[in-house]
Amino acid sequence: MISNALAKEVLNAALATGGDYAEIYLEQSDVESIVLDSGKIETVGTRQGYGAGIRILQKFRSVYGYTSDLSKKSLIKLATDLSASFEGERQIEVKNITKGKFKNVNPIKTHLMDVSADTRIAYLKECYEATKSVDPRIVRIQDALNFWKKNIRIYVAENENAKVFDTVEERGRLVMVAIAAGENNSIETSFEGPGASNGWEYFQSLDHKAKAIEVGKKAIALLSAKECPSGQFTVVIANGWGGVLFHEACGHPLEATATAKGLSVFSNSIGKQIASPIVSAWDDGTIENAWGSNSIDTEGVPTKKNELIRDGICVGFMVDRFNGRRLNMAPNGTARRESYKYAPTSRMSNTYIAAGKDNPEDIIKDTKLGIYVANFGGGSVEPTTGQFNFSASEAYIIRDGKICEMVKGCTLIGTGQEVLMNIDRVGNDLALGQGNCGSASGSIPVNVGQPTIRLSKITVGGRGGELK
Amino acid sequence: MNFDKFFQLAKEAGITESQIQIGRSTSTSIDLFHHEIENYSVNSSQSVIACGIYNGKFGSARTEKLDKDTFPYLINKIILAASKIEKEDAQPLFEGSNKYHKKNVFNAELEAIPLSKKLEDLKKLENLVYEQDKRVNEVEAGFAEISTASEFYNSHGLKLKQKRNYYYFSAYAVANDGKESKTNYEAFLESDYSKLNLEEMAKKVVTGAIAKFGGDTIESKKYPTVLRYDICSAFISAFLSSTIADEVQRHSSLLEGKLNTKVASSKLTIEEKPLVKNIFFTYFDDEGVATYNKAIVKNGVLKTYLYNRETAAKDGVESTGNGAWEGSKIGTSYNSIYVKPGKQSFEELIAPIEDGVYITDIMGLGTGMNTRSGDFSCQAEGFRIRNGKLAEPLNLITLSGNLLKMFKDLKGFSKEAKMTLGGTCLADAYIKSMNIGGK
């Protein structure tokens, strides 16, 4: 995208006033999206992103700027403008730029962008037919295949020997939505969105028709679901996407973005018990071809498997270079950003509660009265207070150890501190689910995950009155 | 860029009509932490979005890379998209409205104020927040100034331009009373710098945080509920998404078949006023159609759906000037919403409530709202209302219900309408009864 010679000039312009670190993040991205609405091709979209972000650090100060003009004049001007906010003497003069090394964690056989539009369309039509076959009450079906390819180059200067990292991020996601209409104008929606940092082989191995049928069945089931009761109950949460609870309630407060400034409920928690002793948790950006995996992060640090909680004790945070300075902790490959329009900060990749010992069926069997949350719509958290909320998209009543009728309109609320302590059973069926997480550095792909877990009690909001 | 060249190349490639829009934006932002500049950012970006009609079908593409290859790239992608699309034939592109209500909303004075003055004010804001109360232990204060310009051209010779600029100050306060931490956030968005009132902002953010100390949950049942204006605006947005004609035509709107019928309490009047001279002012939409002010709901009666040119043609009406890019197609959006306020002050509004709830914060409505059925459930915070007055704080409660039922149960608004950051001007709303979940 730019030559090493120009990068050297830009880095040196950025470091002219005493910066102790400078970085250029360059990106050219292509997004291709094919959307079917009720079986017909609605849009074939392409979008090209292009630009550079320059960051300079000096101790606990950070300056960042971006531009979509990658000419020499524009980049030098941006670097000079940014460096003008520091008033010191030059500390670093970049003399050499060498290639940074890292391992590719996302091997790909068939590149997504090489798959013809016709092949993608045929695949989506199979999804549509499968969902449609479920029930005539399904009134609208949306199917989409979204492919991303990002060519990224990062220059990192911490001393006279700068490094350059070239990486390509490729991702694909299938999105399926079914809308069912029932009596009294009731309308229900269900959604599935499997994705991976992988090639077309991922989509070929996915049983897309079976998933499409599931989406249809779920929308139909919701039509007859009763309203969820409200109050404080025992709640069993299914594996996979159920891990969004950990993501929101515990993952975000364990990001250095929150912990470094003392703004998180888990600031200063290293070595302290923050969860029930049966809970261990990880953030692992290196899972091969996983939706949230990258070979390096967006400040050029190779991704790692980072341990966050061991037997209930907090043992680590997700740490980026800048916030790591306040914490006196080394960056651990978790600095992520949506695009060059965002400065990087510590974010989750594939974050999960580790598998425990319980058989998931036993967890249900041992629950006399409660709620089984099979799937969540999503949620959010306020890291300073730890308060979170999740809305369940699929939930059932548990009565006498059995999963009974489906309920809708169910929200779980609480604080991260409380919920971690209230986990009293952890299953052995760890699975991951795909989502997009929006936070300080934009919207990024993440996997959430967990085995089946049980919360001894949590506040449930719904319109169905008492739990009986 | 020479757009005539684009139209010519597109025509040569078989694109009979074409449109191109360019957006440019620059911004500067500063964040303070512990009295130091923690983040400083200067940005500039540009992007082009183009669309056209090829063999009767619509195709579009967008890019941020502006060089000699930009036009061929856009043209190829438009042709690829149009060749695959299976929708019925596209509308011809727009030839222009009879009249456009152009106004200048770019404030050159704002640009002329030196950054050093804005930084000084930001530091003042941070200090003021700390000074409000000893229990304030962390503050994040931020400033940003944004300037955007958009240009619209099509092969029918339509040329439209608009630019705007604005600034915002934000303050996030964390207060701790030794037992618990409470937070609050305030932001102020304007283009007129003389309207900035740092003292008021600091006071509001801290008062809001302190008032939350000692909060508890509440017994689950139905309560008379008052929604603070910004909370109510989230429900207004969800309601407006059902007025979009595309949703109606696809049978996925709550408001299908309800035009000119009563869909809410007679206290509800919602207008779209894109021509009010404020930072949300817009005089043309993404199809080049002139925008205009209109009532969407008047005294509880649904007066119009919101149309772009395609959905308008389907219903045999004119576009309401609400065409807006949605990914790779022209969808529908709205700007500058005004909800008619009531006549009572906030104190008068809550005076008749013996035992109720005042909601000041919600979380999770985005995922907790089924916009198609109108059912919602989300986390909330606020205050108990006892004997007509605000009482103890409430937290970790849930608010649930159905959107249409809620607006039918609307008893009225207070008279103090305020503009939200998202461009909805409204006052606090009193709902006869809502489901509150707690213990």
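Caption draft 1: Main features of the overall build of chain B. Along chain B, the regular secondary structure elements total 11 helices and 20 strands. Against the compact-globule benchmark of 22 Å for 439 residues, chain B has a radius of gyration of 24 Å, which places it among compact chains. By its C-alpha atoms, chain B is 70 × 55 × 35 Å across when sized along the principal axes. Per-residue burial over chain B gives 58% buried out of 439 residues. The long-range share in chain B, meaning contacts at least 24 apart out of those at least 6 apart in sequence, stands at 70%. Within the structure as shown, chain B displays about 18,100 Å² of accessible surface, and the carbon and sulfur contribution to it stands at 48%. Positive and negative side-chain charges in chain B, numbering 57 and 57 respectively, have mean positions lying 5 Å apart.

Caption draft 2: Quick peek at the overall build of chain A. Assigned secondary structure in chain A consists of 10 helices and 24 strands. Expected size for 468 residues packed as a compact globule is a radius of gyration near 23 Å; at 24 Å, chain A falls within 12% of this value. For chain A, the C-alpha atoms occupy an extent of roughly 70 × 55 × 35 Å along the three principal directions. Looking at the 468 residues of chain A, the share that counts as buried comes to 64%. Considering only residue pairs separated by 6 or more positions, chain A has 75% of its internal contacts joining residues 24 or more positions apart. Taking the 54 positively charged and 54 negatively charged side chains of chain A as two groups, their mean positions are separated by 2 Å.

Caption draft 3: Structural view of the sheet that holds strand E19 (residues 424-426) of chain B. Residues and elements named next belong to chain B. Reading across from one edge, E10-E9-E8-E13-E19-E18 is the order of the 6 strands in this open sheet, with mixed pairing throughout. Taken across any chain shown, the strands that pair with only one partner, and hence form the sheet edges, are strand E10 (301-302) and strand E18 (418-419). With 3 bridges joining them, strand E8 (residues 270-272) and strand E9 (residues 294-298) adopt antiparallel strand pairing. Residue pairing in the sheet places Ile270 in a bridge with Val297 of E9.

Caption draft 4: How the structure looks around the domain arrangement of chain B. Residue and element names in this part refer to chain B. Segmenting chain B into domains produces domain 1 (3-209), domain 2 (212-229 + 344-437) and domain 3 (236-339). Between domain 2 and domain 3, the residue contacts involve 21 residues of the former and 22 residues of the latter. Of the roughly 1,800 Å² buried between domain 2 and domain 3 on both sides combined, carbon and sulfur atoms contribute 68%. Among the residues domain 2 hides against domain 3, the three largest losses belong to Arg372, Leu404 and Phe407. Together they make up 32% of the total. On the surface where domain 2 and domain 3 come into contact, there are 0 salt bridges. Run the count over domain 2 and domain 3 and you get 5 residue pairs in polar contact (both at pLDDT 80 or more). Breaking the side of domain 2 that touches domain 3 down by element, the ones donating at least two residues are helix H11 (403-408), strand E17 (410-413) and E19. Looking at the side of domain 2 that touches domain 3, its residues break down into 10 nonpolar, 8 polar and 3 charged.

Caption draft 5: How the structure looks around helix H2 (residues 72-83) of chain A. Over its 12 residues, H2 of chain A runs 16 Å from end to end, which matches the ideal 16 Å to within 8%, given 1.5 Å per residue. All of the buried residues along H2 of chain A are Ser74, Leu75, Leu78, Ala79, Leu82 and Ser83 of chain A. All buried residues of H2 of chain A project into a common sector of 160 degrees when viewed along the axis, lining one side. Away from its buried face, by an angle of more than 90 degrees, H2 of chain A presents the exposed residues Lys73 and Lys77 of chain A. In the core, the buried residues of H2 of chain A are packed alongside helix H1 (4-14), strand E2 (40-58) and strand E3 (61-67) of chain A together with strand E2 (36-54) of chain B.

Caption draft 6: Spotlight on the interface of chain B and chain A. The interface is formed by 62 residues belonging to chain B together with 71 residues belonging to chain A. Counting across the interface, chain B meets chain A through 12 salt bridges. Salt-bridge contacts for Asp118 of chain A lead to Lys84 of chain B; the nearest nitrogen and oxygen are separated by 2.8 Å. In this assembly, chain B and chain A are joined by 31 residue pairs in polar contact (both at pLDDT 80 or more). A per-element tally of the side of chain B that touches chain A places E2 of chain B first, with 10 residues.

Caption draft 7: Summary view of the pattern of salt bridges. In total, this model carries 57 salt bridges over all chains according to the counting rule given. The partner of Lys72 of chain A in a salt bridge is Glu9 of chain A, and the shortest N-O contact between them spans 3.3 Å. Taken as a pair, Lys72 of chain A in helix H2 and Glu9 of chain A in helix H1 lie far apart in primary sequence, 63 residues in all. Taking relative accessible area as the criterion, Lys72 of chain A reaches 45% and is therefore assigned partly exposed. A salt bridge links Glu145 of chain B to Lys118 of chain B; its shortest N-O distance comes to 2.5 Å. A residue pair is termed long-range when its members are at least 10 positions apart, and Glu145 of chain B in strand E4 (residues 136-154) and Lys118 of chain B in helix H4 (residues 115-132) qualify at 27 residues.

Caption draft 8: The sheet that holds strand E12 (residues 305-310) of chain A, seen in detail. All names here are of chain A. Strand order in the open sheet formed by 6 strands is E13-E12-E11-E16-E23-E22, and the pairing between neighbours is mixed. Looking at strand neighbours, the two that pair on one side only are strand E13 (313-314) and strand E22 (431-439), the edges of this open sheet. With respect to the sheet, helix H6 (residues 244-251) is in contact with strand E11 (281-284), E12, strand E16 (350-353), E22 and strand E23 (442-450), its orientation differing from that of E23 by roughly 115 degrees.

Caption draft 9: Expanded view of the packing of aromatic side chains. Inspection of the entire model under this criterion finds 28 aromatic pairs over all chains. With centroids separated by 4.8 Å and ring planes inclined at 50 degrees, the aromatic side chains of Phe346 of chain B and Tyr358 of chain B adopt a geometry described as tilted. A residue pair is termed long-range when its members are at least 10 positions apart, and Phe346 of chain B in helix H9 (residues 346-350) and Tyr358 of chain B in strand E14 (residues 355-363) qualify at 12 residues. Here Phe346 of chain B and Tyr358 of chain B have matching classes, each one buried. Among the aromatic side chains, those forming a connected cluster through ring pairs are Tyr123, Phe147, Trp200, Tyr202 and Phe203 of chain A. In this structure, Lys261 of chain A packs its charged tip against the face of Phe33 of chain B, placed 4.7 Å from the ring centre. Directly above the aromatic system of Trp282 of chain A lies the positively charged group of Lys305 of chain A, at a separation of 4.5 Å from the ring centroid.

Caption draft 10: Examining the packing of H4 of chain B against helix H5 (residues 198-210) of chain B more closely. Residues and elements named next belong to chain B. Where H4 contacts H5, the axes come no closer than 9 Å and their chain directions differ by 40 degrees. Taken together, the axis directions place H4 and H5 in an arrangement best described as oblique. Where H4 crosses over H5, the handedness of that crossing is right-handed. Each of Asp121, Lys124, Leu125, Leu128, Val129 and Gln132 in H4 lies in contact with H5, whose residues at this interface are Leu198, Glu199, Met201, Ala202, Lys203, Val205 and Val206. Classifying every residue of the contact of H4 with H5 by side-chain character gives 8 nonpolar, 1 polar and 4 charged.

Caption draft 11: Summary view of the domain arrangement of chain A. Residues and elements named next belong to chain A. As assigned here, chain A comprises domain 1 (4-223) and domain 2 (227-461). For domain 1 versus domain 2, the distance between C-alpha centres works out to 22 Å. Every contact between the two is made by 51 residues of domain 1 and, on the other side, 39 residues of domain 2. Between domain 1 and domain 2 the total buried area reaches about 3,400 Å² when both faces are included, carbon and sulfur atoms providing 54% of it. Looking at the side of domain 1 facing domain 2, the largest losses of area belong to Phe60, Val105 and Arg171, adding up to 17% of the total buried there. Note that Arg321 and Glu158 form a salt bridge whose closest N and O atoms lie 3.1 Å from each other. One can count 28 residue pairs in polar contact (both at pLDDT 80 or more) joining domain 1 with domain 2. Mapped by element, the contributors of at least two residues to the side of domain 1 that touches domain 2 are strand E1 (21-37), E2, E3, strand E5 (138-157), strand E6 (161-181), strand E7 (187-192), strand E8 (195-196) and helix H5 (208-223).

Caption draft 12: Highlighting unusual backbone geometry. Residues and elements named next belong to chain B. Although it is not a glycine, His35 adopts a positive phi angle of roughly 65 degrees. Along the chain, the position of His35 falls in the loop between strand E1 (15-33) and E2. By relative accessible area, which is 43% here, His35 ends up partly exposed. The backbone of Asn260 sits at a positive phi, close to 60 degrees, despite the residue not being glycine. Within the secondary structure, Asn260 is located in the loop between helix H7 (245-249) and E8.

Calculation criteria
- Residues numbered from 1 in each chain as written.
- Chains lettered and ligands numbered in written order.
- Predicted model: local features only at pLDDT ≥ 70, side-chain atom pairs only at ≥ 80, totals over all residues.
- Heavy atoms only, no water.
- Helix = DSSP H or I, 4+ residues; strand = E, 2+ residues; numbered from the N terminus.
- Rg over C-alpha atoms; globule rule 2.2 N^0.38 Å.
- Buried < 20%, exposed > 50% of the residue type's maximum accessible area, 1.4 Å probe, protein only.
- Contact = heavy atoms within 4.5 Å.
- Areas by Shrake-Rupley, 256 points an atom, 1.4 Å probe, with all protein chains shown as cover.
- Lys, Arg positive; Asp, Glu negative; His and termini not counted.
- Charge placed at Lys NZ, Arg CZ, Asp CG, Glu CD.
- Pairing = 2+ DSSP bridges.
- Domains from an automatic or database assignment.
- Buried area = accessible area lost by both parts, 1.4 Å probe.
- Salt bridge = Lys/Arg side-chain N within 4 Å of Asp/Glu carboxyl O.
- Polar contact = N/O pair within 3.5 Å; in protein donor to acceptor, adjacent residues only side chain to side chain.
- Nonpolar A, V, L, I, M, F, W, Y, C, P; charged D, E, K, R; others polar.
- Expected span 1.5 Å × (residues − 1).
- Arc of directions from axis to C-beta.
- Axes fitted to C-alpha atoms, helices over the stretch in contact; angles between N-to-C directions.
- Phe/Tyr/Trp six-rings, centres within 6.5 Å; stacked < 30°, edge-to-face > 60°.
- Lys NZ or Arg CZ within 6 Å of the ring centre and 35° of its normal.
- Parallel < 35°, antiparallel > 145°, perpendicular 65-115°, else oblique.
- Left-handed = near helix turned anticlockwise from the far one by under 90°.

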